[in-house]
There are 2 protein chains.
Amino acid sequence: MGASIKDVAAKAGVSIATVSHVLNGTRITSQPTRERVLAAIRELGYSQNQSARNLARGRSTLLGLLISDVRNPFFPDITAAFQDQALAHEMDALVMNTNYDPHRTLNSVRRLLGLQVPGVAILTSQIDPAVIDMLARHRIAAVYLDLGRVDKSISNIVIEYETGIVLMLEHLSQLGHRRIAYIGGPLHLNSAQRRKNAFIETAARLGLDPSLALDADFTVKGGYFACSKLLSVPQPPTAIVAGNDLTAIGVLHRAYDGKIRVPEDLSVTGFDDILFAEYTQPALTTASIPRAEIGRVAFQAIWTMLSDPELAGREYRVPTRLVVRESTVPPANGRERSHHGIQSEPSVR
Amino acid sequence: MGASIKDVAAKAGVSIATVSHVLNGTRITSQPTRERVLAAIRELGYSQNQSARNLARGRSTLLGLLISDVRNPFFPDITAAFQDQALAHEMDALVMNTNYDPHRTLNSVRRLLGLQVPGVAILTSQIDPAVIDMLARHRIAAVYLDLGRVDKSISNIVIEYETGIVLMLEHLSQLGHRRIAYIGGPLHLNSAQRRKNAFIETAARLGLDPSLALDADFTVKGGYFACSKLLSVPQPPTAIVAGNDLTAIGVLHRAYDGKIRVPEDLSVTGFDDILFAEYTQPALTTASIPRAEIGRVAFQAIWTMLSDPELAGREYRVPTRLVVRESTVPPANGRERSHHGIQSEPSVR
DNA sequence: CTGAAAGCGCTAACAC
DNA sequence: GTGTTAGCGCTTTCAG
C-alpha cells in the first residue's frame, strides 16, 4: 500500500531526487517533468513518509503545544487557533496536557525532543525552569506565556490584564454607575495583583471609590461570599466587577439565588469570558483574554524564530478586551432597562 | 546537543544494537551492560530520535484523533482521556480539528498517513466514506463513532442513547412526576430518533403520557419555543426532558426569564451534561454521554487491534448515564423543595 | 548474551 | 534541468 518515492520516480520516469524536489519546491523543474511526477503521485495515492523526511532533515513538521488541560475552557480556543495556523503552514500541532503536573510536563518535553520538534509553545500557568533550560539547551524555538524573559530561541507572550479592567470601568462609569466594586484573586498571583492595581488606579482616575476592592481567591465560592459581603451594606454597589470567571459565577449564583436582597439592576462583570454565554442574567459584560489571538501569536512567535537563523526571540503583548453584550445594564436610576433573556444568535457552542 | 544512539553506545562501551535492545526491552541483556547503557543514557541526556525509530519500524508512535472541534464541549473530555491512555502506552495523540469540513478531514487523514500512524480514531459527527476507505486500504487500525459497521481494522463505538432517557424518566417518575414532556431533535438524526423512541416506549411502560413528545431542532432557540408551547396549556408538564444540551439551555432561558408562567417547581432535564454546572436553576439532572469513557474506549479499540495481527475490529457499546444533582425537584405537590443554589463542590472547570 | 551490517524513505550535496 | 549517492539514527536479522 505504502507507495514510496521510488515508486513515484519509476512511474514518472525520473530520478528520486527530482520527485523530492518537485514535492518540496526546492529547485526548479521543467513543466513537463513536474507534471508527470504530480500525475504519478496522484495515481499512486502517494504521500510522503514524514518519518523519513524528518530523519533526513533533522527536524519534524510537528510543533509542540503544552497546555495545562484541554478541559479547562481557557485552552480550547488557543489550541484551535494554534492548530489552524500550523495547518496553514503545513505543520501539525502536537497538543499535550500537562495536568498541572511538573513531572508530566518535563516528560512531555522530553517526548517532544525525541520527536525532533523544531518549536514548542508552553502555555501552562506554571513554568518549570528545568523545561526552559532543556528547551534552550536543545535550541528549540520556544514561546512562553507571561514568562517575562526573552532570549535566543525564547519568545514571550505578555497578557495585558490591565486593559480589560480599565475598559470595563470606563464602560460602567459611562453607563452611570458610581458605586462599582471589584472582587479580585489571591495577590500572590501576578495577574490578580495587576488587575487589582488597575482597578484601584482607574477607579481613582474616574473619581470612583478605589477602596471597593475585595480580595477573594478566584473560586466560585470565593465570589459567592464576597458578593454576600458587598451586598450586605446599606448602600450596596450597583455594579460588581469580578476578577476572573469563576469569581463571576459565584457572584451570579449569590446575586440571583433569591436569598438576599439585590439592587434591582445589579450589574456583574467578569473576567476571562468563560461560560457567560450561558447566563440569562444581565451580567454579560466581560473583559476577556483574547484566547484565539494567543494561539495565533504563539504560532507566529515560533514561526518567526524558525525562519530566523539566529532564533532571536521577542516579546508579544496581547491586550485584554472588553466584550459588551446587549444585556449590560445601567444602574436603576439610569436609563431604561435593556432587554434581557435569549439573544438572537445565542453564542452557545 | 542531540546525543545519538552511537554516542551512548560509545560511552557505554557496547554496540549500537545493544543500546537499542535495552531501550526497547527487545532482548535479554546482562545486568551490568544494561546498567552501563542506562547510565550513559542518563549522563548524555539522550532521548531516542523517534523519526529514525519510526522510519526503521515502519510505524510511528503517534495515534491520530480526529474530532470536529476542540471548542465544542463534547470533545475536550474525550480528547483528554484518549491522550491519557496514549501516554500510558508510550504513545502520543495527534489531535486534529476537522471543523466539520470534509475536505479538511480528508486532508488530515492524508497527513496522518504520511506520519505513518498505526491507528486513528474518527470521532466526528459526520463520517466521509472516502476516509473510511482510505484508512481501510492502508490497513490502519481505525475506530469510529456510531458508524454501525465493524470490519477488519475497523472498530465501532456505539453510544446507547436509550439508557439515559430511560433512567431519566424512571427517576422523574419516582420523584412523583406524572406529566413529563420531552423535547427532541430533528428525526433525521439517528440519535434524535433513538432518544424519542426511548421516551415513547418508556413513557408507555411507566404509565405516563407518551404523546408529550415534541420535535425541535437541537438548538437553543428550538428549546426556547418548544418550552413556550409546552407551558402554554392549562395543565403544563411538571418536568421537561430536553433531548440535548442546547435544547435544555433554551428551555431554561424560557422557563426562567420571567415572561411566562412556570409551574413553581418545574424540573428541566437535559441530555449531554454540557454546561449545566453553570446553572443555578433546579434543572440539574442530566442524562449524560460518558465522554471520558468514549476517549478511553477509542484508545482501547485501537490498541486492541494493533496488538492483534488480524486487526480484527469489534463493537464497543457505551451506555449513557444518569447524573443526579442535589437540586432535582419533585413536583410542587410532592415533597419539600430541596435546597438549590451553589453546590458544596461546584463542578466548574 | 553481544556485535556487524543491511536497510527504512527521504534530503541535499555534488556531479553532469 | 536532472541524476547519483552518501548519509540521517534507528531496528532487526544474521552471525558469533
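Residues numbered from 1 in each chain as written. Chains lettered and ligands numbered in written order. Predicted model: local features only at pLDDT ≥ 70, side-chain atom pairs only at ≥ 80, totals over all residues. Heavy atoms only, no water.

### Observations concerning the packing of aromatic side chains
Residues and elements named next belong to chain A. Basically, it comes down to this: Here the aromatic set is Phe, Tyr and Trp, taking the six-membered ring for Trp, and pairing holds for ring centres within 6.5 Å; pairs whose planes are under 30 degrees apart are stacked, those over 60 apart are edge-to-face, and all others are tilted. Secondary structure elements are taken from DSSP: a helix is a run of H or I of four residues or more, a strand is a run of E of two residues or more, and numbering for both begins at the N terminus. Here the term buried applies to any residue with accessible area under 20% of the maximum for its type, exposed to any over 50%, and partly exposed to those in between, with areas from a 1.4 Å probe on protein chains only. For a Lys NZ or an Arg CZ to count as sitting over a ring, it must be within 6 Å of the ring centre and within 35 degrees of the ring normal.
Enumeration according to the criterion identifies 10 aromatic pairs over all chains in this entry. Centroid distance F74 to F75: 5.1 Å. Interplanar angle 80°. Geometry classified as edge-to-face. An angle of 20° between the planes, with centres 5.2 Å apart, marks the rings of Y182 and F199 as stacked. Placement of the pair is Y182 in strand β6 (residues 180-184) and F199 in helix α9 (residues 190-205), with a sequence separation of 17 residues. Exposure remark for Y182: the relative accessible area of 0% places this residue in the buried category. Given the relative accessible area of 1%, F199 is considered buried. Aromatic ring contacts, followed pair by pair, group F82, F299 and W303 into a single cluster. The cationic tip of R314 hangs over the ring face of Y316; the distance from NZ or CZ to the ring centre is 4.0 Å.

### Thoughts on the sheet that holds strand β2 (residues 92-97) of chain A
Residues and elements named next belong to chain A. Quick note on the threshold: Paired strands, in this sense, are two strands between which DSSP finds at least two bridges. Under this scheme, a helix contributes an axis fitted over its contacting stretch, all axes are lines through C-alpha atoms, and angles between N-to-C directions fall in the 0 to 180 degree range.
One open sheet accounts for six strands, arranged β2-β1-β3-β4-β5-β11; its pairing is parallel. Bordering the open sheet on either side are β2 and β11 (315-319), each of which pairs with just one other strand. Neighbour-to-neighbour, the strand axes of this sheet turn through a mean angle of 15°, independent of strand direction. Pairing of strand β1 (residues 62-67) with strand β3 (residues 119-122), which is carried by four bridges, proceeds in the parallel orientation.

### Re the domain arrangement of chain A
Residue and element names in this part refer to chain A. Under the convention used in this document: Domain borders in the structure are assigned automatically or taken from a domain database. We call two residues in contact whenever any of their non-hydrogen atoms come within 4.5 Å of each other. Accessible-area loss on putting two parts together, using a 1.4 Å probe and summing over both, is the definition of buried area adopted here. Salt bridge, as used here, is a side-chain nitrogen of Lys or Arg placed within 4 Å of a carboxyl oxygen of Asp or Glu.
Domain boundaries assigned for chain A yield domain 1 (1-48), domain 2 (50-159 + 292-319) and domain 3 (161-288). If you look at the interface, domain 2 gives five residues, while domain 3 gives four residues. Interface area for domain 2 against domain 3, summed over the two sides, is near 460 Å², with a carbon-plus-sulfur share of 55%. Looking only at domain 2, the three residues that lose the most surface to domain 3 are P73, I159 and P319, adding up to 67% of its buried area. Linking domain 2 with domain 3 are zero salt bridges, by the criterion used here.

### A word on the packing of helix α1 (residues 5-12) of chain A against helix α2 (residues 16-24) of chain A
Residues and elements named next belong to chain A. Stated precisely, the cut-off is as follows: For classification purposes, an angle smaller than 35 degrees is called roughly parallel, one larger than 145 roughly antiparallel, one from 65 to 115 roughly perpendicular, and anything else oblique. Amino acids outside the nonpolar list (Ala, Val, Leu, Ile, Met, Phe, Trp, Tyr, Cys, Pro) and the charged list (Asp, Glu, Lys, Arg) are all regarded as polar, and Gly is one of them.
Interaxial distance between α1 and α2 falls to 8 Å at its minimum, and their mutual angle equals 105°. Between α1 and α2, the angle falls in the class roughly perpendicular. Residues I5, K6, V8 and A9 of α1 lie in contact with α2, whose contacting residues are I16, V19 and S20. Grouping the constituent residues of the contact of α1 with α2 by class yields five nonpolar, one polar and one charged.

### Here's the deal with unusual backbone geometry
Residue and element names in this part refer to chain B. Its identity as a non-glycine residue notwithstanding, F218 has a phi of 65°, on the positive side. For F218, a relative accessible area of 11% corresponds to the buried category. With a phi close to 55°, L311 is a non-glycine residue in the positive phi region. Assignment of secondary structure puts L311 in the loop between α12 (291-306) and β11 (315-319).

### Structural notes on the nonpolar core
Among soluble globular proteins, nonpolar side chains are generally buried collectively. To be explicit about the condition: For this analysis, a nonpolar core means a set of buried residues of the types Ala, Val, Leu, Ile, Met, Phe, Trp, Tyr and Cys, connected via side-chain atoms within 4.5 Å.
Ranked by internal contacts, the top residues of the largest apolar core, which has 66 residues, are I294 of chain A together with I294 of chain B. Membership of the second largest hydrophobic core comes to 40 residues, among which are M96 and L112 of chain A together with L106 and M134 of chain B.

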